[in-house]
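# Inside the fold
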Amino acid sequence: MNHVLECLGCRLAQGLEPTHVVYEDEHVTCILVNDPCSEGHSIILPKKHYADVDDLDVETALSVMKASAKLSKGLKTLFHPDGISMMQNGGKFSDLGHYHMHIWARYENDGFSWIDPLDTGARERFTETREVLANAIDNLG
């Protein structure tokens, strides 16, 4: 598959679609979101195709975090928000099918909310979950 032609995220990151670029380096392009939560709401897109965070190479992951810090400082300087939110959705929850991280300014009573999921009983399994997850991570190499 030619990701650059078939993937909207690749086309956006590589400037093949109209965008409003606010920052870029050799690994990422940061653009304003079409339907922003607040002024300056941006997404950070790798220039190479990656589907999820665990697909990123180290250099790209570092560029994503460096870009998020730069965007955060810029949003704070310009808009004086009460805080900053960042969010990344992977798998079937990624509307682009291309890794991207949202970053936007937050304001008290801005209407954005976190809705707690149904009680899954996960709290009762913390000890067991910690053990199996830590072992799974250790076995990754």
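Residues numbered from 1 in each chain as written. Predicted model: local features only at pLDDT ≥ 70, side-chain atom pairs only at ≥ 80, totals over all residues. Heavy atoms only, no water.

## Let's talk about the layout of surface pockets
- Space inside the largest pocket adds up to approximately 330 Å³.
- Residue lining of the largest pocket: 15 residues in total, with L12, I31, V33, N34 and I43 positioned closest to the centre.
- Every element with two or more residues in the lining of the largest pocket is listed here: α2 (8-13) and β2 (28-32).
- Counted by class, the lining of the largest pocket contains eight nonpolar, five polar and two charged residues. (1 Å grid on protein atoms, 1.4 Å probe; cavity = no way out; pocket = protein on both sides within 12 Å on 5 of 7 lines; lining within 4 Å. Points joined across faces, edges and corners; volume = space filled by probe spheres on them. Helix = DSSP H or I, 4+ residues; strand = E, 2+ residues; numbered from the N terminus. Nonpolar A, V, L, I, M, F, W, Y, C, P; charged D, E, K, R; others polar.)

## Let's talk about the pattern of salt bridges
- Tallied over the entire structure, the rule returns four salt bridges.
- The salt bridge involving R11 is made with E17; its shortest N-O contact spans 2.8 Å.
- Classification of R11 by relative accessible area gives buried; the value is 19%.
- Judged by relative accessible area, which is 27%, E17 ranks as partly exposed. (Salt bridge = Lys/Arg side-chain N within 4 Å of Asp/Glu carboxyl O. Buried < 20%, exposed > 50% of the residue type's maximum accessible area, 1.4 Å probe, protein only.)

## A closer look at the packing of aromatic side chains
- This structure, assessed with the given rule, holds one aromatic pair.
- For the ring pair W104 and F112, a centre distance of 5.1 Å and an interplane angle of 65° mean the geometry is edge-to-face.
- On the accessibility criterion, W104 (2% relative accessible area) is buried.
- Relative accessible area serves as the criterion here: at 34%, F112 is assigned to the partly exposed category. (Phe/Tyr/Trp six-rings, centres within 6.5 Å; stacked < 30°, edge-to-face > 60°.)

## Considerations on helix α3 (residues 58-79)
- In a regular helix each residue adds 1.5 Å, so 22 residues correspond to 32 Å; α3 covers 31 Å between its end C-alpha atoms and thus fits that length.
- Those residues of α3 lying buried are T60, S63, V64, A67, S68, L71, S72 and L75.
- Of the surrounding secondary structure, the elements contacted by the buried residues of α3 are β1 (21-24), β2, β3 (42-46), β4 (83-87) and β5 (101-106).
- The N-capping residue of α3, defined by a side-chain oxygen 3.2 Å from the backbone nitrogen of E59, is D57. (Expected span 1.5 Å × (residues − 1). Contact = heavy atoms within 4.5 Å. Polar contact = N/O pair within 3.5 Å; in protein donor to acceptor, adjacent residues only side chain to side chain.)

## Examining the environment of P36
- Inspection of the secondary structure assignment puts P36 in the loop between β2 and β3.
- Relative accessible area serves as the criterion here: at 45%, P36 is assigned to the partly exposed category.
- Along the backbone, P36 and H102 are 66 residues apart, and their C-alpha atoms lie at a distance of 9.8 Å.

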